[in-house]
Amino acid sequence: QLTMSLNSSTLLNEEKSQGLKRTSECLESLELQTSSSFQDNPLQQLQLASQEVLEKAKKSGRSKCPRCSSSRMFYCYTCFVPVETVPTKEIPTVKLPLKIDIIKHPNETDGKSTAVHAKLLAPDDVTIYKYPCIPEYKEKRHEIALVFPGPNSVSVKDIAFHLQKYSKKGVCDKDDDCSREPFLKQAKIEPKEEENLNECSSNNRSESTRLKKIIFIDSTWNQTNKIITDERLQGLLQIELKTRKTCFWRHQKGKPDTYLSTIEAIYYFLVDYHQEILKENYKGQYDNLLFFFSFMYTLIKNAKCCAGKE
């Protein structure tokens, strides 16, 4: 009996030792994966407000929307407000350098859309419209652009140049080159006066072609045709973000990884705009636009790891 007891004890110690070894190996593997994903995942580099409020809300589960009383997690995607367990004062607010219109496809699932993130985090600068109820943009073509890939789309750094094609009076057609403006008459103008006039003309021209609003389409890529072909969007300058890659967990099969979710497109556009148009160093001013997105990304990635899918 003593021998059997000793053998059992030895086996238990061996199993315990092997279990600890396996645990240690798993932890090392997880650390390596985390280190690798930290380098590959741009979301890890964001300067975000504390997400502790989201951690607490996750543990307490779904909560009521303070407006419609629907049961939601984190925020209500129909009322565009945080739920009761997520105090508004603990959600960061982002100030944007221009106004944003988001045109949402009527068949886009509200709960899957990331457009609401922008409205929650930049409420003063973001407006969401449900198609076909959208504004008329024709009279403001000289100060509006649409983010959408296409054969005629341009990069962010070329916005100012291409906006010159649209005069303030809206007399330019798509095929007209309105970037050329008549020269000031040179006769009887002293050099100093000419310099002042040119400076004034340049300032007026810069002001008249300054981007003031940017439009995004919130839809699956297969549903965008209905909106992008709407006559109210025709003739607008189109912008394409060609160098960014999506981190969205619902990436659509058959589409390139440069096709971004709505909140990613908004964020990356603003970063490029800040650097290319405003000519300022980017120091994380718009990072909190990805406050909810980055948290959900981590949740879903961890859940997939636990399920053995990654």
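The structure contained in this document is the topic of the report that follows. (Residues numbered from 1 in each chain as written. Predicted model: local features only at pLDDT ≥ 70, side-chain atom pairs only at ≥ 80, totals over all residues. Heavy atoms only, no water.)

1. Notes on the overall build of the protein
So, step 1. Counting its regular elements, the protein contains eight helices and nine strands.
So, step 2. Long-range contacts, defined here as pairs at least 24 residues apart, represent 73% of the contacts in the protein between residues at least 6 apart.
So, step 3. Summing over all exposed atoms, the protein offers an accessible surface of approximately 19000 Å²; the carbon and sulfur share of this is 49%. (Helix = DSSP H or I, 4+ residues; strand = E, 2+ residues; numbered from the N terminus. Contact = heavy atoms within 4.5 Å. Areas by Shrake-Rupley, 256 points an atom, 1.4 Å probe, with all protein chains shown as cover.)

2. What about the packing of helix α2 (residues 52-60) against helix α8 (residues 291-306)?
So, step 1. Contact geometry for α2 and α8: axes closest at 11 Å, N-to-C directions at 50°. Our classification of the angle between α2 and α8 gives oblique. The element α2 and its partner α8 pack so that their crossing is right-handed. For the pair α2 and α8, the contacting residues are V53, L54, E55 and K58 in the first and F291, F292, F295 and L299 in the second.
So, step 2. Residues of the contact of α2 with α8, tallied by class, amount to six nonpolar, no polar and two charged. (Axes fitted to C-alpha atoms, helices over the stretch in contact; angles between N-to-C directions. Parallel < 35°, antiparallel > 145°, perpendicular 65-115°, else oblique. Left-handed = near helix turned anticlockwise from the far one by under 90°. Nonpolar A, V, L, I, M, F, W, Y, C, P; charged D, E, K, R; others polar.)

3. Brief notes about the pattern of salt bridges
So, step 1. This structure, assessed with the given rule, holds eleven salt bridges.
So, step 2. The residue K140 makes a salt bridge to E143 at a minimum N-O spacing of 3.8 Å.
So, step 3. A salt bridge links K212 to E143, with the nearest nitrogen and oxygen atoms 3.5 Å apart. Of the two residues, K212 is situated in the loop between α5 (191-208) and β8 (213-218) and E143 in the loop between β6 (126-130) and β7 (144-147); the sequence distance between them amounts to 69 residues.
So, step 4. Within the structure, one salt-bridge network assembled from shared partners comprises K95, K99 and D125. (Salt bridge = Lys/Arg side-chain N within 4 Å of Asp/Glu carboxyl O.)

4. Remarks on the pairing of β6
So, step 1. Relative to β6, strand β5 (residues 99-104) is paired through five bridges, and the arrangement is parallel. If you follow K104 over to β6, its bridge partner there is K130.
So, step 2. Handedness of the β-α-β unit built from β5, helix α3 (residues 115-121) and β6 comes out right-handed. (Pairing = 2+ DSSP bridges. Right-handed = clockwise from strand over helix to strand, strands pointing away.)

5. Concerning α2
So, step 1. Among the residues making up α2, those that are buried are V53, L54 and A57. In an axial view of α2, the angular spread of the buried residues amounts to 95°, which keeps them on one side of the axis. The outward face of α2, more than 90 degrees from its buried face, is lined by the exposed residues K56 and K59.
So, step 2. Buried residues belonging to α2 abut α8.
So, step 3. Taken from the residues just after α2, G61 is the one with a positive phi, measuring 85°. (Buried < 20%, exposed > 50% of the residue type's maximum accessible area, 1.4 Å probe, protein only. Arc of directions from axis to C-beta.)

6. Side note on the pairing of β8
So, step 1. Summarising burial for β8: five of the six residues are buried, a large majority.
So, step 2. Pairing of β5 with β8, which is carried by six bridges, proceeds in the parallel orientation. If you follow I102 over to β8, its bridge partner there is F216.

7. Quick look at the nonpolar core
So, step 1. Grouped together as the largest cluster of nonpolar side chains are 56 residues, with contacts concentrated most on I100, I214, I239, F269 and L289.
So, step 2. Counting residues per element, this core draws most heavily on helix α7 (residues 262-276), at nine residues.
So, step 3. Counting contributing residues, this core receives three or more from each of domain 1 (61-91) and domain 2 (99-164 + 209-309).
So, step 4. Not counting residues up to four positions away in its chain, the partners in contact with L289 are V94, L96, H117, L121, A122, I263, I266, Y267 and L270. (Core = buried A, V, L, I, M, F, W, Y, C linked by side-chain atoms within 4.5 Å. Domains from an automatic or database assignment.)

8. Here's the deal with the environment of A122
So, step 1. Looking at the element boundaries, A122 is found in the loop between α3 and β6.
So, step 2. Look at A122 and you get buried, because its relative accessible area is 0%.

9. A word on the sheet that holds strand β9 (residues 237-239)
So, step 1. Taken in spatial order, the five strands make up an open sheet running β6-β5-β8-β7-β9, and their pairing is parallel. Taken across any chain shown, the strands that pair with only one partner, and hence form the sheet edges, are β6 and β9. Strand-to-strand twist of the sheet, defined as the mean angle between neighbouring strand axes without regard to direction, takes the value 30°.
So, step 2. Packing against the sheet, α7 makes contact with β5, β7, β8 and β9, and its axis sits at approximately 155° to β8.

10. Let's talk about the packing of aromatic side chains
So, step 1. By the definition in use, this model includes seven aromatic pairs.
So, step 2. Where F74 meets F295, the ring centres are 5.6 Å apart and the plane angle is 90°; that geometry is what we call edge-to-face. A residue pair is termed long-range when its members are at least 10 positions apart, and F74 in the loop between β2 (71-72) and β3 (75-76) and F295 in helix α8 qualify at 221 residues. An identical accessibility class is assigned to F74 and F295; each is buried.
So, step 3. By the ring-pair criterion, three or more aromatic residues cluster together here, those being Y75, F291 and F292. (Phe/Tyr/Trp six-rings, centres within 6.5 Å; stacked < 30°, edge-to-face > 60°.)

11. Considering the environment of Y137
So, step 1. Locating Y137 in the fold gives a position in the loop between β6 and β7.
So, step 2. When its relative accessible area of 2% is taken as the criterion, Y137 is described as buried.
So, step 3. When the C-alpha positions of Y137 and L233 are compared, they lie 7.0 Å apart, and in sequence the two are 96 residues distant.
So, step 4. Residues contacting Y137, with those up to four places away along its chain left out, are D101, I103, I144, K213, I215, R232, L233 and L236.
So, step 5. Side chain to side chain, Y137 and D101 meet in a polar contact 2.8 Å long. (Polar contact = N/O pair within 3.5 Å; in protein donor to acceptor, adjacent residues only side chain to side chain.)

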